[in-house]
Amino acid sequence: MINISRLTKRAHEHDIQVMVEGPGHVPLNEVAANVRLAKSLIGDVPYYVLGPLVTDIASGHDHIASAIGAAVSASEGVDLLCYLTPSEHLALPNADEVKAGLIAYRIAAHAGDLVKIRDKVIKWDMEMTEARRTLDWEKQLALSIDPEAAAKIHSRTGQHPGNNVPCTMCGGACVYMMLPQQKKYDKENKNLQQVK
Ligand code: SF4
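Not measured: the values here are computed from a predicted model.

Draft legend 1. Region of the structure containing the overall build of the chain. Within the chain, the secondary structure is distributed over eight helices and three strands. Going from the N terminus to the C terminus, the chain shows its helices and strands as α-β-α-β-α-β-α-α-α-α-α. For the chain, whose C-alpha radius of gyration is 23 Å, the value lies well above the compact-globule estimate of 16 Å for 196 residues. Principal-axis analysis of the C-alpha atoms gives the chain an extent of 80 × 45 × 30 Å. A total of 196 residues make up the chain; the buried ones form 30% of that total. Once local pairs closer than 6 in sequence are excluded, the contacts in the chain between residues at least 24 apart make up 60%.

Draft legend 2. Inspection of the packing of aromatic side chains at higher detail. Within the structure shown, the criterion is met by one aromatic pair. Taken together, a centroid distance of 6.4 Å and an interplanar angle of 75° make the contact between Tyr 83 and Tyr 105 edge-to-face. With Tyr 83 in the loop between β3 (80-82) and α4 (95-116) and Tyr 105 in helix α4, this residue pair connects regions lying 22 residues apart in the sequence. When its relative accessible area of 5% is taken as the criterion, Tyr 105 is described as buried.

Draft legend 3. Region of the structure containing the environment of Asp 44. With respect to the secondary-structure elements, Asp 44 resides in the loop between α2 (28-42) and β2 (47-50). Put simply, Asp 44 and Met 19 are 25 residues apart on the chain and 9.7 Å apart in space, counted from C-alpha to C-alpha.

Draft legend 4. Structural context of the sheet that holds strand β1 (residues 20-21). The strand order across the open sheet formed by three strands is β1-β2-β3, and the pairing between neighbours is parallel. Here the strands that pair on one side only, and so sit at the sheet edges, are β1 and β3. Direction of pairing for β2 relative to β3: parallel, over a ladder of three bridges. Its bridge partner being in β3, Leu 50 is matched across the sheet by Cys 82.

Draft legend 5. Representation of the packing of α4 against helix α5 (residues 118-133). Following both chains from N to C, one finds α4 and α5 inclined at 125°, their axes separated by 7 Å at the closest point. With respect to α5, the axis of α4 lies oblique. With respect to the hand of their crossing, α4 and α5 are arranged in left-handed fashion. From α4, Arg 106, His 110, Asp 113, Leu 114 and Lys 116 reach across to α5, where they touch Arg 118, Val 121, Ile 122, Trp 124 and Asp 125. Looking at the contact of α4 with α5 residue by residue, the classes come out as four nonpolar, one polar and five charged.

Draft legend 6. Quick peek at the environment of Val 35. On the secondary structure map, Val 35 appears in helix α2. Exposure remark for Val 35: the relative accessible area of 1% places this residue in the buried category. For the pair Val 35 and Leu 90, spaced 55 residues apart in the sequence, the C-alpha separation amounts to 27 Å. Setting aside anything within four residues of it in sequence, one finds Val 35 in contact with Tyr 47, Ser 73, Glu 76, Gly 77 and Val 78.

Draft legend 7. View of the domain arrangement of the chain. Assigned domains within the chain: domain 1 (1-116) and domain 2 (119-196). Taken together, the contacts link seven residues of domain 1 with seven residues of domain 2. Between domain 1 and domain 2 the total buried area reaches about 650 Å² when both faces are included, carbon and sulfur atoms providing 68% of it. Here domain 1 and domain 2 share two salt bridges between them. The salt bridge involving Lys 99 is made with Glu 148; its shortest N-O contact spans 3.9 Å. On the surface where domain 1 and domain 2 come into contact, there are one residue pair in polar contact (both at pLDDT 80 or more). Split by residue class, the side of domain 1 that touches domain 2 holds three nonpolar, one polar and three charged.

Rules and cut-offs
- Residues numbered from 1 in each chain as written.
- Predicted model: local features only at pLDDT ≥ 70, side-chain atom pairs only at ≥ 80, totals over all residues.
- Heavy atoms only, no water.
- Helix = DSSP H or I, 4+ residues; strand = E, 2+ residues; numbered from the N terminus.
- Rg over C-alpha atoms; globule rule 2.2 N^0.38 Å.
- Buried < 20%, exposed > 50% of the residue type's maximum accessible area, 1.4 Å probe, protein only.
- Contact = heavy atoms within 4.5 Å.
- Phe/Tyr/Trp six-rings, centres within 6.5 Å; stacked < 30°, edge-to-face > 60°.
- Pairing = 2+ DSSP bridges.
- Axes fitted to C-alpha atoms, helices over the stretch in contact; angles between N-to-C directions.
- Parallel < 35°, antiparallel > 145°, perpendicular 65-115°, else oblique.
- Left-handed = near helix turned anticlockwise from the far one by under 90°.
- Nonpolar A, V, L, I, M, F, W, Y, C, P; charged D, E, K, R; others polar.
- Domains from an automatic or database assignment.
- Buried area = accessible area lost by both parts, 1.4 Å probe.
- Salt bridge = Lys/Arg side-chain N within 4 Å of Asp/Glu carboxyl O.
- Polar contact = N/O pair within 3.5 Å; in protein donor to acceptor, adjacent residues only side chain to side chain.

Written out as structure tokens, the structure reads:
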């Protein structure tokens, strides 16, 4: 890293543009320090990382193992994420694997942005929270990072998007169904006590 910072300075002295590639394999507890150290050494130069992978045992699922490192890297201020697909270390990716990798990294980048520039990106999450609270399935699916996958899973419940009903995870114990009932009960109970 020290040598890279020296090379970066030499390149700038010769008016050569530079962007710096970081590591692709870093234990989770060292990811943040790695980004901070690199940024402090190389200065105002675009710095990007390959994930990094936080474990090497995830062959077939390296997009997930590396998105964990990517989310931490993004929150610490890397300028660009280089995405990995499920086929990393095994073969060249097909179209579905490219899609899986890109989705994993869009999630990682957004998670990082929620830390770095929260006010600018929180609207998406707030809208999803509101759609969940009101059991607005059409909106929830539309706001999902992968609406197609979300709709496919939700269709197993047999419900049509837009229904004001809970999903099959908690069924009748859905917090969004119970909360309004609880609030109504609390209000009625309060009124009753005032009458007494
Ligand atoms: S049933 Fe459970 S998981 Fe489904 S919307 Fe309600 S609280 Fe969420």
